[in-house]
Amino acid sequence: MPRTFDGSVGWAALRERFADRLDTGTLAALDDAVAFAAERHGDQRRPAGEPYLEHLLEALEVLVDATGERDPDTLRAAVLHDVVEDTPTTVGEVRERFGDRVAELVGWVTKSGDRDAYLARLRDAPDAAIAVKLADRISNVQRLRTHPRPAKRASYYHETVATIVPLAAGRPWFEEWYRSWQAEHADLDLDRLA
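Summary of the structure given here. It should be emphasised that the depicted structure is a prediction, and the values quoted were computed from it without experimental measurement.

What follows concerns helix H11 (residues 172–184). The end-to-end C-alpha distance of H11, which contains 13 residues, comes to 18 Å, matching closely the 18 Å that a straight helix rising 1.5 Å per residue would cover. For H11, the set of buried residues is Phe174, Trp177, Tyr178 and Trp181. For H11, the angular spread of buried residues about the axis comes to 90 degrees, placing them on one side. Of the exposed residues in H11, the ones pointing more than 90 degrees away from its buried face are Pro172 and Ala183. Tucked inside the fold, the buried residues of H11 contact helix H3 (52–66), helix H9 (127–141) and helix H10 (150–164).

Glancing now at the pattern of salt bridges. A full pass over the atoms with the stated rule returns 21 salt bridges. The partner of aspartate 31 in a salt bridge is arginine 15, with the nearest N and O atoms 2.7 Å apart. Taken together, the positions of aspartate 31 in helix H2 (residues 24–41) and arginine 15 in helix H1 (residues 10–18) put the pair 16 residues apart, joining distant regions of the chain. Assessed through its relative accessible area of 27%, aspartate 31 is described here as partly exposed. Assessed through its relative accessible area of 29%, arginine 15 is described here as partly exposed. Its salt-bridge partner being glutamate 176, residue arginine 179 comes within 3.3 Å of it at the nearest N-O pair. Placement of both arginine 179 and glutamate 176 in helix H11 is noted, with a separation of three residues, approximately one turn of the helix. Where salt bridges share partners, they join Arg3, Arg17, Asp20, Arg21, Glu61 and Asp65 into one cluster.

Formed by 60 residues in total, the largest nonpolar core has its most connected members in Leu80, Phe174 and Tyr178. With residues up to four places along the chain from it excluded, the contact list for phenylalanine 174 reads Val62, Leu63, Thr67, Ala131, Leu134, Ala135, Ile138 and Ala168.

A few words now on the packing of H1 against H3. Taken N-terminus to C-terminus, the directions of H1 and H3 make an angle of 5 degrees; their axes are 11 Å apart at the nearest point. Between H1 and H3, the angle falls in the class roughly parallel. Residues Gly10, Trp11, Leu14, Arg17 and Phe18 of H1 lie in contact with H3, whose contacting residues are Leu57, Leu60, Glu61, Val64 and Asp65. Its residues placed into classes, the contact of H1 with H3 shows six nonpolar, one polar and three charged.

Let us now look at the packing of helix H4 (residues 72–80) against helix H7 (residues 100–108). Remark: H4 packs on H7, axes separated minimally by 9 Å, with the N-to-C direction vectors making an angle of 45 degrees. By the angle between their axes, H4 is oblique relative to H7. In terms of crossing hand, the pair formed by H4 and H7 is right-handed. Every residue of H7 that contacts H4 at Asp73, Thr74, Arg76, Ala77 and Leu80 is listed here: Arg101, Val102, Leu105 and Val106.

Attention now moves to the packing of aromatic side chains. Counting across every chain of the model gives seven aromatic pairs. Ring centres of phenylalanine 36 and phenylalanine 98 lie 5.2 Å apart, and the angle between their planes is 75 degrees; this geometry places the pair in the edge-to-face category. Note that phenylalanine 36 is positioned in helix H2 and phenylalanine 98 in helix H6 (residues 91–98), a separation of 62 residues in sequence. A single burial state applies to phenylalanine 36 and to phenylalanine 98, both of which are buried.

Glancing now at the environment of leucine 134. Note that leucine 134 resides in helix H9. Separated by 50 residues in sequence, leucine 134 and valine 84 have C-alpha atoms that sit 18 Å apart. When sequence neighbours within four positions are dropped, the list of residues in contact with leucine 134 reads Ile164, Leu167, Ala168, Arg171, Phe174 and Tyr178.

Criteria and cut-off values
Residues numbered from 1 in each chain as written. Predicted model: local features only at pLDDT ≥ 70, side-chain atom pairs only at ≥ 80, totals over all residues. Heavy atoms only, no water. Helix = DSSP H or I, 4+ residues; strand = E, 2+ residues; numbered from the N terminus. Expected span 1.5 Å × (residues − 1). Buried < 20%, exposed > 50% of the residue type's maximum accessible area, 1.4 Å probe, protein only. Arc of directions from axis to C-beta. Contact = heavy atoms within 4.5 Å. Salt bridge = Lys/Arg side-chain N within 4 Å of Asp/Glu carboxyl O. Core = buried A, V, L, I, M, F, W, Y, C linked by side-chain atoms within 4.5 Å. Axes fitted to C-alpha atoms, helices over the stretch in contact; angles between N-to-C directions. Parallel < 35°, antiparallel > 145°, perpendicular 65-115°, else oblique. Nonpolar A, V, L, I, M, F, W, Y, C, P; charged D, E, K, R; others polar. Left-handed = near helix turned anticlockwise from the far one by under 90°. Phe/Tyr/Trp six-rings, centres within 6.5 Å; stacked < 30°, edge-to-face > 60°.

Shown next as structure tokens:
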């Protein structure tokens with residue numbers, strides 16, 4: 001069974017846990033990013049009903065706890081990865097508040113227009129953007145069975161295997177996590193074919 005991540009513990013608990021691994025400047029930068037994301041996402045909920053911020057914190061937890069990421073821009077991009085896609089926030093606002101590199105990473109993982117083109121474009125993304133996307137998708141699929149629509153569970157499994165799993169190639173922790181997850185959820189692919 002692959003490791004799961006839990007954003008429901010909240011930022012304060014994660015911050016305390018990260019304090020021995022992240023320097024004070026990075027923690028302060030994350031304080032700002034988490035506050036911005038919480039304000040922008042507001043009362044948004046995930047498909048299973050959990051507060052949206054939990055998903056963002058899970059993506060951050062994947063990077064810090066599982067992969068050992070310490071780059072403040074990558075970590076802030078993980079927290080902010082859906083702010084342009086799912087709120088009225090623009091990439092320009094992210095750039096103004098968090099800098100060029102964070103805005104660039106958020107831009108890479110922001111879906112706009114054709115979903116297939118977006119997923120194909122990710123193959124050319126910088127390594128940090130791919131890490132953010134892989135962490136984002138882990139949060140999305142670790143509880144895939146709780147999605148309220150069975151057809152969506154099957155199609156999302158298939159999309160993950162076809163387009164996201166290949167992005168994990170050459171990234172050992174991600175490769176192993178996705179391999180384990182894929183095996184545990186293989187029945188969802190059979191549901192798609194039924």
